[in-house]
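So the chains spell out like this:
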Amino acid sequence: MTVFIIRRLMQSAFVLLIMSLLVFFGVYAIGDPVEIFIAADADQIERERAMQALGLDQPIWAQYGFFLLNAMRGDLGRSFVFNIPSIELILQRLPATLELAACAVTLSVLVGIPLGMYAGYRPQSRIAKAIMATSIAGFSLPTFWVGLMLILVFAVQLGWLPSTGRGQLGEFLGIHSSLFTLDGLAHLLLPAFNLALFNISLVIRLTRAGMRENMPMDYVKFARAKGLTQRRVVFVHVLKNIMIPVVTVIGLEIGQVIAFAVVTETIFAWPGMGKLIIDSINRLDRPVIVAYLLITVVMFIVINLVVDILYSILDPRVRLADAGH
Amino acid sequence: MSRRIPKVAAFLVASALVIAAPAVRAQNLSVAVGGIITSMDPHYHNLGPNNNIAQYFFDRLVHFDNQQRPIPGLAESWRAINDTTWEFKLRKGVKFHDGSDFDAEDVIASFKRVPWVPNSPSSFTAMVRGIEVTVVDPHTLVFKTPAPRPLLPLDMAIVNIISRKSVEAPTADFNAGKAMNGTGPYRFKEFVPGDRVVMERNPNYWGEKSPWATVTTRIVNNPSARMAALLSGDVQVIDQVPTADIPRLKQNSNLRLESVTSNRLIYLHIDHARDVTPFAFDKTSGQPLAKNPLKDHRVREALSKAINRKAIADRIFDGQAIPAGGLLPDGFFGASPKLKPDTFDTNAAQRLLREAGFPKGFKLTIHGPNDRYPEDGKVLQAIGPMFTRAGVDTAVQPMPWATFVSQAGAPNYAFSVMLVGWGSDTGETSSPLRSLLATPNRELGFGASNRGRYSNPKVDEILGKALQTVDTGAREKLLFEASEIAVRDYGLIPLYYQVNLWAMRSNLTYKARTDEYTLAHFIKPR
Amino acid sequence: MAGASAIPAVETPFRRFVDDFCESRMAVTALCVFAIIFIAAILCPLLSPQNPYDLRQLDIMDGKLPPGTPSSADFVFWLGSDGQGRDMISAILYGLRTSFMVAVTSGVLAAFVGTTVGLVAAYYGGRVDMILMRMVDIKLAFPAILIALVLLAVLGQGTGKIVLALVIIQYAYYARTVRASALVERRKEYVEAAHCLALPKSRILFRHILPNCLPPLIVVATIQIANAIALEATLSFLGVGLPITEPSLGLLIANGFQFILSGVYWISFFPGFALLVTIVSINLVGDHLRDVLNPRLQK
C-alpha cells in the first residue's frame, strides 16, 4: 500500500507541474491583464507602472520561474485584483462551496436511496416507472435551466425562499455555516437542491440496479426461507449490499459536485470558489486561476486516493494497483 | 412580498434580510450592485466599484454632486492663486471614525500613500503626480504644480483622504477593517470579498446624515440574479438594471425606476492610421483592400449615417439609451451643444460610398466586447445589418472583453472598426479628447486609449491649450472647438449615451447619478 | 461487459437486438422523436423561414415579438422572435444543428481516439497499457466541467476549441470501455486462431476484436452525445462556449436567461424545451440500449 501511495503522489506532482505550465502560458497568451485592471483613463506612464508592480514586465519564462520558486515555498502568488495571496482568497471561499456540496450529497442520498429502492423493488409498478422517467429528466435537465426555474417559481412567484447569496451564518463548535441559522438554511435550500438533482437521479438508478441485481440472488432466497420478514431482508441484507457501489460512486461524485458548483454558484450568487474561478477567468487574474486549479487538483487527488483506499478496505477482493480495474 | 420571519439577532450583522416590521425596515437597507468590489483599500485599485464603496467610508477634498459637478468636500473652498498655484481651505471640526481630528497632515499622508501602495494594478498616482504641497496652517494647504493644471480640483475629487495613522497600512489592513478609519458617512463593519460589505451609520458625520442605521451592499454580478433578488425582496435597491426587465419593472407597482443619462459614451473607433487595414476587404476577391477606405472622410460619414441610433435605443434598450452626436451628453462641461446625432439615412450613405469610389461597397468585419457594457454584443449585432444595407457587407465578431481589450490597443491594434465605451471620470470632454482622440504621446499622456490612432494636429493643439487654461469659460470654449473638429472629422463615430438605471422598492427614492455610483446615504424613504 | 459475445452469423444477434429494442414502446417513441429532431436540424435551411446567422436578414425592429406576430419580411414568427429579430423557429433549428454538429463531431473524434487508445492498450498490455490507462485514469479523476473550464480558459473561445475540449474530455470513456471488452475478446479462440493464421496485428485489432466491442461502445456513444450537448450548453451559459453570432441551443437559452423574469418567456422557453426533449430522447434510447445490450440483465 505504501508503494501505491508513493507512486500516486509522484504522478500527482507531475500532473500538477503540467497543469501549472499549461495554464500559466495559456492565460498569458489570451491577453494582457493590465489592460483589464487599469483605469480606462490611465496614461502610458501609469500603465508601465502597473506592469512593473505586477511583475508582468518580465519575460514569461522568468515569470514562470519565479512562480515555481515561490510555489515550492507554498506561495502561489497574489491575486492581481484583490492583492490577497491567492491561496488565502480561495480558502476564504472554500467553506461556502464545501457546505453547498455536502448538503447536495446528503440530499441526494436521503432522496435517492428510498426512491431507488422502491423502483427496484417493484420495477413494474406505475410509481416505479414514474420515478425512473423523472430520473431521466433529472439527468437531462441542464443545471442552469433548473436553477433558473427554481428561482422563478420559489423566489419570484411564490416568494417563499430567497434567491441569492448565503444568508446569515451561525456558529457551532467554532464552525461558521449557513446550516446553523434559519435564514442560512432558507438560502441554502434552492442551490443545494439544484446541485443535488443530478446526483439524486444517479443514486436512484444505482440503487434500483442494485435492488434488481440482488433480489434474485441466493442469499435473499435463503433469508426468506429462514423466515425473515420481507422488510428485514430488504432493509438490512439487501441494503447493505447495495451500499457498497453507492458509497463508492458518491465518494467519487463529491469531486464532480464541487466542480459543478460553478454553475449553481453563478446562478444563485453563492459566494463559493466556483464563482471566483469564473470571475477570475473573465478578468485574467492568473495567480488565482493557477492556484484554484492546483488546489482543486490536489483536492481531487486526495478524494480519489481516499476512495480507493476505503474501497480496498470495504471490499477485500479489490487490490490497490496502478493499472487496470 | 416579504413573508419571512423577523429575526432580532439579525441587525447586528445587518443581514440581507427584508425584515417585516416597518420600524426596522426604515433603519436597514440592502443594496445589490453589479460591479465587483475588489478591495476596501481606497488607494489600491482605481476602479469604479471600489471608488464607489470607498465613498461610504472616506471623503475627498472635493466631492461630486449627482451630475459630477464639483462641490465642497473636506475642502470648504479652493481657488487658483495663479496658473500653477492652488489654495485649499479645509473643513474644521471634522473627526475620523476613531475620534481623532482631521487636518492638513492627513491630506499629506494620503498623498504619500497613493504612490506607495504595493502591487496596485491601477493606481491614483497620476492625480497627485508632480504636486508640491505646502502646509500654511492646519486648515490651509497650497498646491504648486510644474505646469498649469486646471483639472486639479477634479483630480482631488477622486483621491480619498485617509487618516495619517494608516499611512503605512497595507491593503490587507483595510480589508480586515483595521485601517478603515475615514471621515465618511459610514463606519466599516465587514467585507466578505465577492459577497458583501456591511456598514453602520457614522453619527458624527460632518455632512447630511444617512437615514439608514446599517447598510449592506451585496455584490451580485449576474444581472438576472440581481433582478431576482429585488423581486423576491432580498434587497431593496439594485443598480445596473437589466434592460430586458424594464417593461416588467414599469408594470410592477411595488417597484420604481430612477434613471439619468450617464457620462458613458458608446462609440465606434476606426482605424485611421494604416494604409491597409486588416478587416476591410474587396467584395469580389475577398482580399484586403489596397487602400484603407476608412481613411476617407466620406466613408466614415457613410458609416455613421447608416446607423439607426434611434432603433438601437428603442429596441435594444427599451428607450433607456440616448442617441449620441458628441463626446458627452448636453450639460456636461465642454460638451458642444452644436454636435447632434447624424440622421439615419441609408440612401445618403450609399451616395457617399459611391462618391468615395465604392459604388458596390466593400466587405468589413467589426469587433467588440460582449460582456463589458450593457447589451454590447447585441448592439454590435444590430450595427452589422445596418452597414450591410448601406452597401458595406459587414460581419460581426463579438468576443470576451479580456480577449478584446488586449488586442484592440497598443501594440496589436488588431481591428479596423471596433465598438468601445468611454466614461468620463472627470465629467469633462477633456477626458475623452485626451485619451481617445489626441495623437498618442507618452510624455503628455495623450491618446493612451486611442485604439483607432486618429491624429489631427489641430485637435492636439487646441486640447493642449485647453489643458493649460485655468479660466473656466475660456477652457470650455476650447473644448467645444476641439470636440467639434474631432467629431465632425469622424475621429470616432458616436453611437449612444448609456442611461444609468436603479430599481428600488416604491417607498424609496434616489437621486440618480451620472457617475454610476450607488450611495445609500442618498437613497431616501419617500 | 462481454458484449454480444456469441460468434454465430451476423444476422441473428442484430435481429434479436432490434426485437429487444422494440420491446419498449417508450424507447421506440424516443428514437422516433430524436430522428425527427435530428432530420429537422440537418434540413434547417429548407425548413426555416429565415437564416438567423445571416445578419442581412435580421431587422432589429422585429425584436422581441411574441409568438404568432407577422414579421417585416413575409413570414410569421410562430414562436416569436429574440432581441435581435431572429425567428425563434429558425434559431432553434439552426441552434440544434450547431449543437448536434459540435456533439457529433466531438463524439466521432473522441470515439476514434478513445477506441484506438483502448484497443492498443488491451492488445499490447504491459507497459503500454499501464501508461495509456494511467493517463485515462488521471483524466477521469477530474470532473468534465473543470477540465473544460481549464481548456477554454487556456484556448479561448470558438467552435473548434470547444470541440477539442469535448474530445479531450470524452475520449477517456471510450478508451476505458473498449479496453475492458477488448481484454475479454483478446483471450477468445477466434483471436488465437487469427494469430495462428499470422494475420497482421492491425487487422486482428480492427477487423476482429473491434466489431465485438461495439455494443458497449454504442451505449457509451449515445450517452456521451447527450452529455456533450448538455456540457456545451452549460459552457455557453457560463460565457466560455460558442461565439454569440452563431448561437447553439445552449447559447439561445443563455440569451433568453435575461428575459425570463420580464415575461418575454419565448426566447428562453422554446430553446430550453427543444434541448430538454432532445437530451431526454437520447437518454431514453441510451438507457434502453444499455438494458438490451447488457447480458447480465437478460434472462
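Definitions and limits used
- Residues numbered from 1 in each chain as written.
- Chains lettered and ligands numbered in written order.
- Predicted model: local features only at pLDDT ≥ 70, side-chain atom pairs only at ≥ 80, totals over all residues.
- Heavy atoms only, no water.
- Contact = heavy atoms within 4.5 Å.
- Buried area = accessible area lost by both parts, 1.4 Å probe.
- Salt bridge = Lys/Arg side-chain N within 4 Å of Asp/Glu carboxyl O.
- Polar contact = N/O pair within 3.5 Å; in protein donor to acceptor, adjacent residues only side chain to side chain.
- Nonpolar A, V, L, I, M, F, W, Y, C, P; charged D, E, K, R; others polar.
- Pairing = 2+ DSSP bridges.
- Helix = DSSP H or I, 4+ residues; strand = E, 2+ residues; numbered from the N terminus.
- Axes fitted to C-alpha atoms, helices over the stretch in contact; angles between N-to-C directions.
- Buried < 20%, exposed > 50% of the residue type's maximum accessible area, 1.4 Å probe, protein only.
- Right-handed = clockwise from strand over helix to strand, strands pointing away.
- Left-handed = near helix turned anticlockwise from the far one by under 90°.
- pLDDT = per-residue confidence, 0-100.
- Core = buried A, V, L, I, M, F, W, Y, C linked by side-chain atoms within 4.5 Å.
- Domains from an automatic or database assignment.

K.L.:
Where do I start with the interface of chain C and chain B in this structure?
P.N.:
Accessible area lost upon the coming together of the parts serves often as the stated size of an interface. The partner chain B presents 27 residues to the 20 residues of chain C that form the contact. Surface buried jointly by chain C and chain B totals about 2,200 Å² across both partners, of which 56% is contributed by carbon and sulfur atoms. Applying the counting criterion to the chain C and chain B interface returns 0 salt bridges. Inspection of the chain C/chain B interface yields 1 residue pair in polar contact (both at pLDDT 80 or more). Considered class by class, the residues forming the side of chain C that touches chain B number 9 nonpolar, 6 polar and 5 charged.

K.L.:
How should I be thinking about the sheet that holds strand E6 (residues 85-90) of chain B in this particular structure?
P.N.:
Strand pairing in a sheet relies on backbone hydrogen bonds. The paired strands run either parallel or antiparallel. Residue and element names in this part refer to chain B. If you trace the 4 strands from one edge of the open sheet to the other, you get E5-E6-E8-E7, paired in antiparallel fashion. What marks the edges here is a single partner per strand, and that holds for strand E5 (75-82) and strand E7 (132-137). In this sheet, adjacent strand axes meet at a mean angle of 20° when their direction is disregarded. Relative to E6, E5 is paired through 6 bridges, and the arrangement is antiparallel. Bridge assignment links Trp 78 to a residue of E6, and that residue is Phe 88.

K.L.:
Looking at this structure, I do not really get the interface of chain B and chain A. What am I missing?
P.N.:
Taken together, the 59 residues of chain B in the interface contact 54 residues of chain A. Overall, the association of chain B and chain A removes approximately 4,500 Å² of surface from exposure, summing both partners, and the carbon and sulfur fraction of that is 49%. Taken as a group, B:Asn119, B:Pro121 and B:Arg442 account for 12% of the area that chain B buries against chain A, more than any other trio of residues on that side. Put simply, chain B and chain A have 2 salt bridges between them. Taken together, the connections running from chain B to chain A amount to 19 residue pairs in polar contact (both at pLDDT 80 or more). Elements represented by at least two residues in the side of chain B that touches chain A include exactly helix H1 (10-13), helix H5 (125-128), helix H7 (171-176), helix H8 (223-231), helix H14 (401-408) and helix H15 (430-437) of chain B. In terms of residue count, H14(B) provides more of the side of chain B that touches chain A than any other element does, 5 residues in total. The residue makeup of the side of chain B that touches chain A, split by class, is 25 nonpolar, 22 polar and 12 charged.

K.L.:
Please explain the pairing of strand E17 (residues 363-369) of chain B as it appears in this structure.
P.N.:
The side chains of a regular strand alternate between the sheet's two faces. Residue and element names in this part refer to chain B. In terms of burial, E17 is a largely internal element, 6 of the 7 residues being buried. Bridging between strand E15 (residues 280-281) and E17 involves 2 bridges; their strand directions are antiparallel. By the bridge assignment for E17, Ala 280 is matched with Leu 364. The pairing of E17 with strand E18 (residues 393-399) spans 7 bridges and is parallel. Across the sheet, the residue bridging to Ile 366 is Val 396, located in E18. With helix H13 (residues 376-390) bridging E17 and its parallel neighbour E18, the resulting β-α-β unit is right-handed. The sheet contact formed by E17 and strand E19 (residues 417-423) spans 2 bridges and is parallel. Its bridge partner being in E19, His 367 is matched across the sheet by Met 418.

K.L.:
Explain the packing of helix H4 (residues 88-124) of chain C against helix H9 (residues 201-238) of chain C here, please?
P.N.:
The packing of two helices is summarised by the inter-axis angle and the distance between the axes. All names here are of chain C. It is the contact of H4 with H9, at a shortest axis distance of 8 Å, that shows an interaxial angle of 145°. The two elements H4 and H9 meet at a crossing, and its hand is right-handed. In this structure, H4 contributes Ser 99, Phe 100, Val 102, Ala 103, Val 104, Ser 106, Thr 115, Leu 119, Tyr 123 and Tyr 124 to the contact, and H9 contributes Lys 201, Ile 204, Leu 205, Phe 206, Ile 209, Leu 210, Leu 217, Ile 225, Ala 228, Ile 229 and Glu 232. Of the residues that constitute the contact of H4 with H9, the class distribution is 16 nonpolar, 3 polar and 2 charged.

K.L.:
What am I meant to see in helix H11 (residues 273-283) of chain A here?
P.N.:
Working note: α-helix, 3.6 residues per turn, so residues spaced by three or four point in the same direction. Residue and element names in this part refer to chain A. Among the 11 residues of H11, 10 are classified as buried, and the element is accordingly described as predominantly covered. Taken residue by residue, H11 has Met 273, Gly 274, Lys 275, Leu 276, Ile 277, Ile 278, Asp 279, Ser 280, Ile 281 and Arg 283 as its buried positions. Leu 284 sits one or two positions beyond H11 and adopts a positive phi of about 55°.

K.L.:
What exactly am I supposed to notice about the confidence of the model for chain A here?
P.N.:
For residues with low pLDDT, the predicted coordinates do not support detailed interpretation. For chain A, mean pLDDT is 80; residues scoring 70 or higher make up 92% of the total. Mean pLDDT values over the elements of chain A span from 66, in strand E1 (residues 170-172) of chain A, up to 88, in helix H4 (residues 60-72) of chain A.

K.L.:
How should I be thinking about unusual backbone geometry in this particular structure?
P.N.:
If a residue is not glycine, its phi is most likely negative; likewise, a peptide bond is most likely trans. Residues and elements named next belong to chain B. Although it is not a glycine, Asn 119 adopts a positive phi angle of roughly 60°. With respect to the helices and strands, the residue Asn 119 is situated in the loop between helix H4 (104-113) and H5. The phi dihedral of Glu 375 is positive, around 60°, even though this residue is not glycine. Turning to its location among the elements, Glu 375 is positioned in the loop between E17 and H13.

K.L.:
Teacher, can you tell me more about the nonpolar core here?
P.N.:
Proteins that are soluble and globular tend to have nonpolar side chains buried together. Within the largest apolar cluster, 300 residues are counted, with the highest numbers of intra-cluster contacts made by B:Leu61, B:Phe143 and B:Phe387. The biggest single contributor to this core is H9(C), with 17 residues. Split by domain, the residues of this core number at least three in each of domain 1 (2-72) and domain 2 (92-322) of chain A. For B:Leu61, the residues in contact, after removing those within four places along its chain, are B:Pro72, B:Gly73, B:Leu74, B:Ala75, B:Phe88, B:Leu90, B:Val107, B:Phe143, B:Met156 and B:Ile161. Of all hydrophobic cores here, the second largest spans 35 residues; its members include B:Val33, B:Met199, B:Trp212 and B:Val237.

K.L.:
Can you walk me through the pattern of salt bridges in this structure?
P.N.:
When their charged atoms lie close together, side chains carrying opposite charge are able to pair. Residue and element names in this part refer to chain B. In this structure the tally under the stated criterion is 35 salt bridges over all chains. Lys 340 is the salt-bridge partner of Asp 330, the closest N and O atoms lying 3.9 Å from each other. Here Asp 330, found in the loop between strand E16 (321-323) and helix H12 (346-355), pairs with Lys 340, found in the loop between E16 and H12; they are 10 residues apart in sequence, far enough to count as distant. With relative accessibility at 52%, the residue Lys 340 sits in the exposed group.

K.L.:
Help me out: how do you make sense of the domain arrangement of chain A in this one?
P.N.:
Residues and elements named next belong to chain A. Assigned domains within chain A: domain 1 (2-72) and domain 2 (92-322). Taking only C-alpha atoms, the centre of domain 1 and the centre of domain 2 are 34 Å apart. Taken together, the 24 residues of domain 1 in the interface contact 19 residues of domain 2. Summed over both sides, the interface between domain 1 and domain 2 buries roughly 1,800 Å², with carbon and sulfur atoms accounting for 77% of that surface. Remark: the boundary between domain 1 and domain 2 carries 0 salt bridges. Our count for the domain 1 to domain 2 interface comes out at 1 residue pair in polar contact (both at pLDDT 80 or more). Those elements that provide at least two residues to the side of domain 1 that touches domain 2 are helix H1 (2-30), helix H2 (33-37) and H4.

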